[in-house]
Amino acid sequence: AIDVYRRIVGATDETAARTMVDELGLASAIYEGAEQPWQALSRLQVERYRSDFASGDGLRSVVYHHAIDLLRDQAASKMAIAVATSSQTEDADRVTEEIGISHLLDVLVGRDQVINGKPDPEIYLKTAELLHVSPDEVIVVEDSATGLESAVRAGMRCIAIASAFSGDGLRGQTLLHQECCV
């Protein structure tokens, strides 16, 4: 499951759940009648995330402090700052508030605000539009190969910062020179 997740990190909840169900053969194990197996898995994942990781110390324990420092530096230099996430806006709002960065953001765009999720460029194009900037004025900091593809397809420059889950995918991608991946 971890290997599959590492390949799809950054994808929409639906894409991730469908891939997990298909590749791990979970359909019969989680079939609940009214929901498709991918919907049941997605619901279970959201419930687990919200109960175990989505608030308080659980969230703060996984914060990348260097990323927070980068946001603070950019805000201090009066750069516009946005988050374009595959998470739902409500979840992203809660997380940014909990980790103390919501006041640094000019715009937050969640998956529910666009029709097509990453790797489609729509979410980044919408974010640029809300910031009133052109895509070539944007530098995206991404943590997944899926998000990186989305940013590149939107015509934006990108820096990739790997996590424990996204490193393999970022090292395997060919859209961005590896010197731009840390």
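First, a word on scope: everything that follows refers to the structure included in this document. Throughout, a residue's number is its position along its own chain's written sequence, starting from 1. Local features in this predicted model are restricted to residues whose pLDDT is 70 or higher, and side-chain atom pairs enter the listing and the counts only when it is 80 or higher, whereas totals over whole chains, interfaces and linings include all residues. Excluded from the side-chain calculation are hydrogens and water; included are all heavy atoms of the structure.

1. A look at the overall build of the protein
Working step 1: Counting its secondary structure elements, the protein contains 10 helices and four strands.
Working step 2: For the purposes of this entry, the term helix denotes a DSSP run of H or I that reaches at least four residues, the term strand denotes a run of E that reaches at least two, and both are numbered from the N terminus. Scanning the protein from its N terminus toward the C terminus, one meets helices and strands in the order α-α-α-α-α-α-β-α-β-α-β-α-β-α.
Working step 3: Relative to its length of 182 residues, the protein is compact, with a C-alpha radius of gyration of 17 Å against a globular reference of 16 Å.
Working step 4: Taken over the C-alpha atoms alone, the protein extends approximately 55 × 35 × 30 Å along its principal axes.
Working step 5: To sort residues, take the accessible area from a 1.4 Å probe on protein chains only and compare it with the maximum for the residue type: under 20% means buried, over 50% means exposed, and anything in between is partly exposed. Of all 182 residues assigned to the protein, the portion counted as buried reaches 38%.
Working step 6: Partitioning the intrachain contacts of the protein with sequence separation of at least 6 by distance along the chain shows that 48% fall at a separation of at least 24.
Working step 7: To measure how exposed things are, a 1.4 Å probe is used in the Shrake-Rupley method; for residues, cover is taken only from the protein chains shown. Carbon and sulfur atoms make up 53% of the accessible area of the protein, which amounts to about 10400 Å² in all.
Working step 8: The charge count includes Lys and Arg as positive and Asp and Glu as negative, but it does not include His or the ends of the chains. In this description, the location of a charge corresponds to atom NZ of lysine, CZ of arginine, CG of aspartate or CD of glutamate. Of the side-chain charges in the protein, 16 are positive and 29 negative, and the distance between the mean point of each set is 1 Å. Our radius of gyration looks at C-alpha atoms and nothing else; its globule reference is 2.2 Å times the residue count to the power 0.38. The contact definition used throughout considers only heavy atoms, calling two residues in contact when any of these lie within 4.5 Å.

2. Some words on the nonpolar core
Working step 1: Each nonpolar core is a collection of buried residues, namely Ala, Val, Leu, Ile, Met, Phe, Trp, Tyr and Cys, held together in the definition by side-chain atoms within 4.5 Å. Judged by nonpolar contacts, the single largest core of 19 residues is most densely connected at Ile123, Tyr124, Val140, Met156, Cys158 and Leu176.
Working step 2: If you list the elements that add at least two residues to this core, you get β2 (107-109), α8 (122-131), α9 (145-153) and β4 (157-160).
Working step 3: Setting aside residues no more than four positions away along its own chain, Cys158 makes contact with Val140, Glu142, Leu148, Ala151, Leu176 and Cys180.

3. Focus: the side chain of Ser144
Working step 1: Looking at where Ser144 falls in the secondary structure, it is placed in the loop between β3 (139-142) and α9.
Working step 2: Residue classification places Ser144 among the buried residues on the basis of a relative accessible area of 1%.
Working step 3: When near neighbours in sequence (up to four residues on either side) are disregarded, Ser144 contacts Val9, Gly10, Ser166 and Leu170.

4. Topic: the pattern of salt bridges
Working step 1: In what follows, salt bridge is the name for a side-chain nitrogen of Lys or Arg lying within 4 Å of a carboxyl oxygen of Asp or Glu. Inspection of every chain in the model, using the stated rule, returns six salt bridges.
Working step 2: Glu142 is the partner of Lys118 in a salt bridge, and the nearest nitrogen-oxygen pair spans 2.9 Å. In this pair, Lys118 sits in the loop between β2 and α8 while Glu142 sits in strand β3, placing the two residues 24 residues apart along the sequence. The same class applies to Lys118 as to Glu142, namely buried.

5. Focus on helix α2 (residues 13-24)
At 3.6 residues per turn, the α-helix brings residues three or four places apart onto the same side.
Working step 1: When the terminal C-alpha atoms of α2 are compared, their 16 Å separation across 12 residues agrees well with the 16 Å that a helix rising 1.5 Å per residue should span.
Working step 2: Of the surrounding secondary structure, the elements contacted by the buried residues of α2 are α1 (2-8), α3 (27-30) and α4 (37-52).
Working step 3: Looking at the residues trailing α2, positive phi occurs at Gly25, about 60°. Expected helix span is taken as 1.5 Å per residue step, with the number of steps being one fewer than the number of residues.

6. Points about the environment of Lys78
Working step 1: Within the element layout of this structure, Lys78 appears in the loop between α6 (65-76) and β1 (82-84).
Working step 2: For Lys78 and Glu35, which are 43 residues apart along the polypeptide, the C-alpha to C-alpha distance reads 47 Å.

7. Considerations on the packing of α2 against α4
Working step 1: Where helices are involved, their axes are fitted lines through C-alpha atoms of the stretch in contact, as for all axes, and angles between N-to-C directions lie from 0 to 180°. Packing of α2 against α4 leaves a shortest axis separation of 8 Å and a crossing angle of 115°. One way to sum up the angle between α2 and α4 is to call them roughly perpendicular. The interaxial crossing formed by α2 with α4 has right-handed handedness. Where α2 approaches α4, its residues Asp13, Glu14, Ala17, Arg18, Met20 and Val21 are matched on the opposing element by Pro37, Trp38, Leu41, Ser42 and Gln45.
Working step 2: Each residue is assigned to one of three groups, with Ala, Val, Leu, Ile, Met, Phe, Trp, Tyr, Cys and Pro labelled nonpolar, Asp, Glu, Lys and Arg labelled charged, and all others, Gly among them, labelled polar. Residues of the contact of α2 with α4, tallied by class, amount to six nonpolar, two polar and three charged. Here is the rule for angles: anything less than 35 degrees is roughly parallel, anything more than 145 is roughly antiparallel, 65 through 115 is roughly perpendicular, and the remaining ranges are oblique. Helix crossings get a hand from a simple test, with the near helix turned counterclockwise from the far one by less than a right angle marking a left-handed crossing and a clockwise turn marking a right-handed one.

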